[in-house]
Amino acid sequence: MAHRQRTPSDADPPAARAEKTCASCGRRIEWRAKWAKNWESVKYCSAACRSHGVNATDLQLEATITTLLQARAHDSTICPSDAARAIGGEEWRDLMEPARRAARRMVARDELQITQGGVVVDPSTAKGAIRLRTPR
């Protein structure tokens, strides 16, 4: 038996479903019908993000990104690998995805912009090489 797709009703006005970003990975959380009764309390996009949360390394990456950007000219950019290298040493490659997550969380707080080819992109859908810069 197939499940019926629940369509948003008057009980779920679009204003009540304001855009949210995941507290762990920084990606946009898509509204789901199963969250209709507790949408205000939803913080994570998945069980994996809920179990990972935000740890000390994640916070250290955010601080390092901020420090690296402040040390450069206002119109300069950095790569997430710069922050990963600053913290991880020889094991910096293991910190690449956490560095990208840190950057997405910072974008959600309007502290940062993610660019590709000099153009600001949506951090939830960006694939490939990215650059980080202060908001302009």
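Residues numbered from 1 in each chain as written. Predicted model: local features only at pLDDT ≥ 70, side-chain atom pairs only at ≥ 80, totals over all residues. Heavy atoms only, no water.

K.L.:
Would you mind going over the sheet that holds strand β3 (residues 113–116) with me for this structure?
P.N.:
Whether parallel or antiparallel, the strands of a sheet pair through hydrogen bonds between backbone atoms. Spatial ordering of the open sheet is given by β4-β3-β5, a layout of three strands whose pairing is antiparallel. What marks the edges here is a single partner per strand, and that holds for β4 (119–120) and β5 (131–133). The pairing of β3 with β4 spans two bridges and is antiparallel. Along β4, the bridge assignment pairs Thr 115 with Val 120. (Pairing = 2+ DSSP bridges. Helix = DSSP H or I, 4+ residues; strand = E, 2+ residues; numbered from the N terminus.)

K.L.:
Help me understand the packing of aromatic side chains in this model?
P.N.:
Within a pair of aromatic rings, the relevant descriptors are the distance that separates the centres and the angle that separates the planes. In total, this model carries one aromatic pair according to the counting rule given. Sitting over the face of the ring of Trp 39, Lys 20 holds its NZ or CZ atom 4.9 Å from the ring centroid. Between Arg 85 and the ring centre of Trp 92, over which it is positioned, the NZ or CZ distance is 4.0 Å. (Phe/Tyr/Trp six-rings, centres within 6.5 Å; stacked < 30°, edge-to-face > 60°. Lys NZ or Arg CZ within 6 Å of the ring centre and 35° of its normal.)

K.L.:
For this particular structure, what's the right way to read the nonpolar core?
P.N.:
What tends to happen in soluble globular proteins is that the nonpolar side chains get buried as a cluster. Membership of the largest hydrophobic core comes to 15 residues, with the highest contact counts inside it found for Ile 65, Ala 103, Leu 112, Ile 114 and Leu 132. Put simply, the parts of the chain that give this core at least two residues each are α2 (56–70) and α4 (96–108). If one sorts the elements of this core by residue count, α4 sits on top with five residues. Those residues in contact with Ile 65, other than ones at most four positions away along the chain, are Ile 78, Ala 83, Ala 99, Ala 102, Ala 103, Met 106, Leu 112 and Leu 132. Membership of the second largest hydrophobic core comes to ten residues, among which are Cys 25, Trp 35, Tyr 44 and Cys 49. (Core = buried A, V, L, I, M, F, W, Y, C linked by side-chain atoms within 4.5 Å. Buried < 20%, exposed > 50% of the residue type's maximum accessible area, 1.4 Å probe, protein only. Contact = heavy atoms within 4.5 Å.)

K.L.:
Whenever I open this one, α4 confuses me. Can you help?
P.N.:
An α-helical turn contains 3.6 residues, so any two residues separated by three or four positions project in the same direction. Compared with an ideal rise of 1.5 Å per residue, which puts 13 residues at 18 Å, α4 spans 19 Å between its outermost C-alpha atoms and is within 8% of the ideal. Among the 13 residues in α4, ten count as buried, and that is most of the element. Pro 98, Ala 99, Arg 100, Arg 101, Ala 102, Ala 103, Arg 104, Arg 105, Met 106 and Val 107 are the residues of α4 that are buried. On its buried side, α4 packs onto α1 (47–52), α2, α3 (80–88), β3 and β5. Following α4 by one or two positions, Asp 110 has its phi on the positive side, about 60°. (Expected span 1.5 Å × (residues − 1).)

K.L.:
Explain the pattern of salt bridges here, please?
P.N.:
It is possible for side chains of opposite charge to pair when their charged atoms get near one another. Taken as a whole, this structure holds eight salt bridges when the rule is applied. Between Glu 62 and Arg 105 there is a salt bridge; the shortest N-O distance is 2.7 Å. One end of the pair, Glu 62, is in helix α2; the other, Arg 105, is in helix α4, and 43 residues separate them in sequence. Across this residue pair, the class does not change: Glu 62 and Arg 105 are buried. Between Glu 62 and Arg 109 there is a salt bridge whose closest N-O contact spans 2.7 Å. In this pair, Glu 62 sits in helix α2 while Arg 109 sits in the loop between α4 and β3, placing the two residues 47 residues apart along the sequence. (Salt bridge = Lys/Arg side-chain N within 4 Å of Asp/Glu carboxyl O.)

None of the figures reported here should be taken as evidence of function without further support.
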